[in-house]
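Topology and contacts: notes
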Amino acid sequence: MLKREYEVMYDQEEKHWWYVGKRNLILSLFKRQYKGRADLKILDVGCGTGIIMKSLSKFGEVYGVDVSPEAIKFCRRRGLKNVKKGSIDNLGFKKETFDAVGCFDVLYHKAIRDDEAALKQLYGICKKGGHLFITDSAMKCLWSQHDIATQARTRYSKEEMKAKLERVGFTVEKISYYNTFLFPAVFLYRKIFDRIREGKEAKSDIGNTNPIINEILKRLLFLEARLLKRINFPVGVSIVCVARK
């Protein structure tokens, strides 16, 4: 991720509909899997500025790893201590250390040249019977300047992600697209925006949003999180997965 995007992330994560909606979805998946638990050992791989780490702390002891010193700096600003610099292919933890591992919008990054090798690392540090939680960019038709600004390598299909997880040994318990209701609008916006900004410096889609619109979009993602307890969506801007070792 470009350095300036960490500043944007830190400034927007607590209020922007995209971040709030994703965090709510992750928490709902953890609650479903670990209701009443507060004794877990959890790793957030590619922890960014640390807000998800803070949210997951109600389930136990949370550790964070990120390749960017800028990300670590923002984690420290949030008061987080169990964070260190490291990459997904060199995590520095013993095998079968964690009850749960989170990999939230990390695998798509261009720094990860072999995502299956990365998944093998996550499989190794996960305890037997433990779970891997993933969110990531979905559907290659949505590729845009947003992906360039966030230094993406790819966007995943549901079938592709499931196959990769199964090849390294995970059993996929839940996989779906999400941010489905806004998919048509996001598709059109990105195609139009890319034409307007052709030849200019790439920027992500994240920025200040009108408070009323922000609340509406947040509630749409909250509704999707409730629906995902019972169904899977056929298309979406992102993908979500829960896999068991």
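Right, let's walk through the structure included here.

The next subject is the sheet that holds strand E2 (residues 60-66). The strands making up a sheet associate through backbone hydrogen bonding, with each pair oriented either parallel or antiparallel. Overall, mixed pairing links the 7 strands, which are arranged E3-E2-E1-E4-E5-E7-E6 in an open sheet. With one partner strand each, in any of the chains shown, strand E3 (83-85) and strand E6 (171-178) form the two edges of the open sheet. Going from strand to strand, the sheet's axes swing by 15° on average, the running direction of each strand aside. In the sheet, E2 pairs with E3 via 3 bridges, with the strands oriented parallel. Residue pairing for E3: Gly64 is matched across the bridge by Val83. Sheet strands in contact with helix H5 (residues 115-125) are strand E1 (40-45), strand E4 (98-104) and strand E5 (126-137), and its direction is about 145° off that of E5.

The end-to-end C-alpha separation of helix H9 (residues 211-227) is 24 Å, in line with the 24 Å expected for 17 residues at 1.5 Å each. Along H9, the positions that sit buried rather than exposed are Asn214, Leu217, Lys218, Leu221, Glu224 and Ala225. Take H9 and look down its axis: the buried residues cluster within an arc of 115°, on one side only. Exposed residues lying more than 90 degrees from the buried face of H9 are Ile212 and Arg219.

On to a nonpolar patch on the surface. Nonpolar side chains collect at one region of the surface, where Phe181, Leu223, Leu227 and Ile231 lie side by side and expose about 290 Å² of accessible area between them. Mapped onto the elements of the fold, Leu227 is located in helix H9.

Among the residues of helix H7 (residues 158-168), Met161, Lys164, Leu165 and Val168 are the ones counted as buried. With its buried residues spanning 95° around the axis, H7 presents them on a single face. Turned more than 90 degrees off the buried face of H7, the exposed positions are Glu159 and Arg167. Buried positions along H7 lie against H5, E5, E6 and strand E7 (238-244).

What counts and what doesn't
Residues numbered from 1 in each chain as written. Predicted model: local features only at pLDDT ≥ 70, side-chain atom pairs only at ≥ 80, totals over all residues. Heavy atoms only, no water. Pairing = 2+ DSSP bridges. Helix = DSSP H or I, 4+ residues; strand = E, 2+ residues; numbered from the N terminus. Axes fitted to C-alpha atoms, helices over the stretch in contact; angles between N-to-C directions. Contact = heavy atoms within 4.5 Å. Expected span 1.5 Å × (residues − 1). Buried < 20%, exposed > 50% of the residue type's maximum accessible area, 1.4 Å probe, protein only. Arc of directions from axis to C-beta. Patch = residues over 30% accessible without salt bridge, like charges linked within 9 Å, V, L, I, M, F, W, Y side chains within 5 Å. Areas by Shrake-Rupley, 256 points an atom, 1.4 Å probe, with all protein chains shown as cover. Salt bridge = Lys/Arg side-chain N within 4 Å of Asp/Glu carboxyl O.

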